Amino acid sequence: MASSTVPTESRVRRGPRAPGDRPVRRVRRQLPSSPWLFAAPGLLITGVFVLYPFVSTVINSFTDRRTLIPGEFVGLANFRELWHDDMFWIGLRNSTLYVLGVVPALVILPLLLALLVQKNIPGITFFRSAFYTPVVASIVVVGLIWVWLLDERGLINSLLETIGVGRVGFLSDQWLLLVSAMAVTVWKGLGYYMIIYLAALANVPRELHEAAAVDGAGAIRRFVTVTVPAVRSTMVLVGALSSVAAFKVFSEVYLMAGPSGGPAGEDTTLVMLVQRTGTGLTGRVGYASAISVVVFVVTVALMLLVLRVDRKDES
């Protein structure tokens, strides 16, 4: 890194140095471009792997590009086709239902789990690790395990048949398959959001709980009047993160429903539709890009909605 040396006032002073004078120090002046040199690697990675794909997707959404064909500008034709595409509305319905089913569970259940493992009692470290294990497990492995459990001849159906309930089509019924995928998403995300809540609960003053207990508040009342207000900002953060992740769900539904998206494709999500439409030698990249743009707009709208709700609660 280039630099120039500028003499200080004590350096240019004439005459012998007095016994009490401090030793001469050199002042190094950095070039204006020095901070950019440190930021350059991160900016380069962001530009290549984030900004360029985003801009390219937006541009492709206005073309009829295919996998091996550059394509031409078609304006809003892809978006007009989306309006009349039944599979697009099925994907939008399933992605919206996924948000409505998963987000409330991932906001409340990890908080209760964090309260459960917050206390320092013998053996609690084991349970914290056990609850966090699904987070670090591969989604492919997790999906296959749950497929084996929920299959027609899987463990759960075998137990249900043993107790006389009969076999349940978890993976063959349209709505049961979607609910099963939601359950897998919640099960896998509990540990991750539990850690976030544990960090928030550590900052809640113990005096507030003690004062509420002195006033005669029980455990439920302390949870509602002390814990929830103290971690409300964290709940908003968890709601925003989980809503975006739920709307862009792919792996869980893909592994459990298959590439076809379940019976007659009725469990297809928007991201699955993007993958199905835009891949292969004859993939419609332009049309898939238009779906991706819609997914981006909806996810941004979800985050803005969560922030708006948070501001209303504060006011």
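Residues numbered from 1 in each chain as written. Predicted model: local features only at pLDDT ≥ 70, side-chain atom pairs only at ≥ 80, totals over all residues. Heavy atoms only, no water.

Moving on: the overall build of the chain. In terms of helices and strands, the chain carries 14 helices and two strands. For the chain, restricting intrachain contacts to residue pairs at least 6 apart in sequence, the fraction spanning at least 24 positions comes to 65%. For the chain, the exposed area adds up to about 19700 Å²; of that, 66% sits on carbon and sulfur atoms. (Helix = DSSP H or I, 4+ residues; strand = E, 2+ residues; numbered from the N terminus. Contact = heavy atoms within 4.5 Å. Areas by Shrake-Rupley, 256 points an atom, 1.4 Å probe, with all protein chains shown as cover.)

A word on the packing of helix α5 (residues 124-136) against helix α8 (residues 174-201). Relative orientation of the contacting elements α5 and α8 amounts to 120°, with a least axis distance of 6 Å. On the basis of the axis angle, α5 is oblique to α8. The handedness of the crossing between α5 and α8 comes out as left-handed. Here Arg128, Phe131, Tyr132, Pro134 and Val135 of α5 lie close against α8, whose contacting residues are Trp187, Lys188, Gly191, Tyr192, Met194 and Ile195. Partitioned by chemical class, the residues of the contact of α5 with α8 number eight nonpolar, one polar and two charged. (Axes fitted to C-alpha atoms, helices over the stretch in contact; angles between N-to-C directions. Parallel < 35°, antiparallel > 145°, perpendicular 65-115°, else oblique. Left-handed = near helix turned anticlockwise from the far one by under 90°. Nonpolar A, V, L, I, M, F, W, Y, C, P; charged D, E, K, R; others polar.)

Here the focus is the packing of aromatic side chains. Taken as a whole and judged by the stated rule, the model has eight aromatic pairs. With centroids separated by 5.3 Å and ring planes inclined at 70°, the aromatic side chains of Phe88 and Trp89 adopt a geometry described as edge-to-face. Residue classification places Phe88 among the buried positions, given a relative accessible area of 6%. You can call Trp89 partly exposed: its relative accessible area is 36%. With 5.7 Å between their ring centres and 70° between their planes, Trp146 and Trp187 make a pair best called edge-to-face. Residue Trp146 is located in helix α6 (residues 139-150), and its partner Trp187 is located in helix α8; the two are separated by 41 residues in the primary sequence. Assessed through its relative accessible area of 18%, Trp146 is described here as buried. Residue classification places Trp187 among the partly exposed residues on the basis of a relative accessible area of 36%. Three or more aromatic residues joined by ring pairs form one cluster here, namely Trp83, Phe88 and Trp89. Its guanidinium or amino end placed over the ring of Tyr287, Arg284 lies 4.5 Å from that ring's centre, counting from NZ or CZ. (Phe/Tyr/Trp six-rings, centres within 6.5 Å; stacked < 30°, edge-to-face > 60°. Buried < 20%, exposed > 50% of the residue type's maximum accessible area, 1.4 Å probe, protein only. Lys NZ or Arg CZ within 6 Å of the ring centre and 35° of its normal.)

Before going further, it helps to examine the layout of surface pockets. One number sums up the size of the largest pocket: a volume of about 570 Å³. As for the largest pocket, its lining consists of 14 residues, of which Leu115, Gln118, Lys119, Arg206 and His209 are closest to the centre. Here the element with the most residues in the lining of the largest pocket is helix α10 (residues 219-230); it accounts for five residues. Split into classes, the residues belonging to the lining of the largest pocket amount to seven nonpolar, four polar and three charged. Its volume calculated, the second largest pocket comes out at about 350 Å³. (1 Å grid on protein atoms, 1.4 Å probe; cavity = no way out; pocket = protein on both sides within 12 Å on 5 of 7 lines; lining within 4 Å. Points joined across faces, edges and corners; volume = space filled by probe spheres on them.)

Once that is clear, we can look at a nonpolar patch on the surface. There is a patch of nonpolar side chains on the surface, built from Phe54, Val55, Ile59, Phe296, Val297, Val300, Leu304 and Leu307 and spanning about 700 Å² of accessible area. When residues of the nonpolar patch are assigned to their parent elements, the largest contribution, five residues, is made by helix α14 (residues 285-314). Val297 gets classed as partly exposed once you look at its relative accessible area, which sits at 49%. (Patch = residues over 30% accessible without salt bridge, like charges linked within 9 Å, V, L, I, M, F, W, Y side chains within 5 Å. Salt bridge = Lys/Arg side-chain N within 4 Å of Asp/Glu carboxyl O.)

In the predicted model, the chain carries a mean pLDDT of 86, and the fraction of residues at 70 or more is 89%. Across residues 1-13, where pLDDT falls below 50, the model places 20 contacts with residues more than four positions away in sequence or in other chains. (pLDDT = per-residue confidence, 0-100.)

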